[in-house]
Amino acid sequence: QVQLVESGGGLVQAGASLRLSCAGRTFSGKTSGWFRQAPEKEREFVAAISWTGGSTYYADSVKGRFTISRDNAKNTVYMQMNSLKPEDTAIYYCAAANKLWAYSSKRLADEYDYWGQGTQVTVSS
């Protein structure tokens, strides 16, 4: 069983930065991703990273502002969020998938098998 725990959320002003972390008992061999859900909206894909960290994939809305990375020795996935906007306000969830990177859409929530409890990010204008 893979248990994921997010941290690093908070309340910031527009233009600020935050770094989210996701610690798992093991991410071994798993594609990892970040999703977010704003109030009264569906959960949406944000970013994904392959097990090796050599491949990444981003939603257009965050491309150039967010960076996903991982440290497998620490069983941790990160997401550096820069130039935050009020529309980035949401609960951010970490996820891990058994499906191999090459066969995964990366962006479909149904393809992820393990989820964290979420961390709140609030960006004020």
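Relevant structure appears above.
Residues numbered from 1 in each chain as written. Predicted model: local features only at pLDDT ≥ 70, side-chain atom pairs only at ≥ 80, totals over all residues. Heavy atoms only, no water.

**Quick word on the sheet that holds strand E7 (residues 66–71)**
In spatial order, the strands read E1-E3-E8-E7; together these four strands make up an open sheet with antiparallel pairing. The sheet terminates laterally at strand E1 (4–7) and E7, the two strands that pair on one side only. Geometrically, the sheet is characterised by an average inter-axis angle of 15 degrees between neighbouring strands, direction not taken into account. In this sheet, strand E3 (residues 18–24) lies alongside E1 in antiparallel orientation, the contact comprising four bridges. Residue pairing across strands places Val-5 opposite Ala-23, the latter belonging to E3. (Pairing = 2+ DSSP bridges. Helix = DSSP H or I, 4+ residues; strand = E, 2+ residues; numbered from the N terminus. Axes fitted to C-alpha atoms, helices over the stretch in contact; angles between N-to-C directions.)

**With respect to the packing of aromatic side chains**
Counted according to the given criterion, the structure contains five aromatic pairs. Through a chain of ring-to-ring contacts, three or more aromatic side chains come together here, namely Phe-35, Phe-45, Tyr-57, Tyr-112 and Trp-115. Arg-19 extends its terminal NZ or CZ atom over the ring of Tyr-78, reaching a point 4.0 Å from the ring centre. The cationic tip of Lys-106 hangs over the ring face of Trp-101; the distance from NZ or CZ to the ring centre is 4.8 Å. (Phe/Tyr/Trp six-rings, centres within 6.5 Å; stacked < 30°, edge-to-face > 60°. Lys NZ or Arg CZ within 6 Å of the ring centre and 35° of its normal.)

**Brief notes about the nonpolar core**
Formed by 34 residues in total, the largest nonpolar core has its most connected members in Trp-34, Val-46, Phe-66, Met-79, Met-81 and Tyr-92. Elements with a minimum of two residues in this core: E3, strand E4 (31–37), strand E5 (44–49), E7, strand E8 (76–81), strand E9 (90–97) and strand E11 (119–124). Top element by residues in this core is E9. It accounts for six residues. In contact with Met-79, not counting residues within four places along its chain, are Leu-18, Arg-19, Leu-20, Trp-34, Val-46, Ala-47, Phe-66, Thr-67, Ile-68 and Tyr-92. (Core = buried A, V, L, I, M, F, W, Y, C linked by side-chain atoms within 4.5 Å. Buried < 20%, exposed > 50% of the residue type's maximum accessible area, 1.4 Å probe, protein only. Contact = heavy atoms within 4.5 Å.)

**Thoughts on the pairing of E11**
Side chains Thr-119, Val-121 and Val-123 project from E11 onto a buried face, and the interleaved Gln-120, Thr-122 and Ser-124 project onto a face without burial. As paired elements, strand E2 (residues 10–13) and E11 share four bridges and run parallel to each other. Looking at E11, one finds that Gln-13 is bridged to Ser-124. The pairing of E9 with E11 spans three bridges and is antiparallel. Its bridge partner being in E11, Ile-91 is matched across the sheet by Gln-120.

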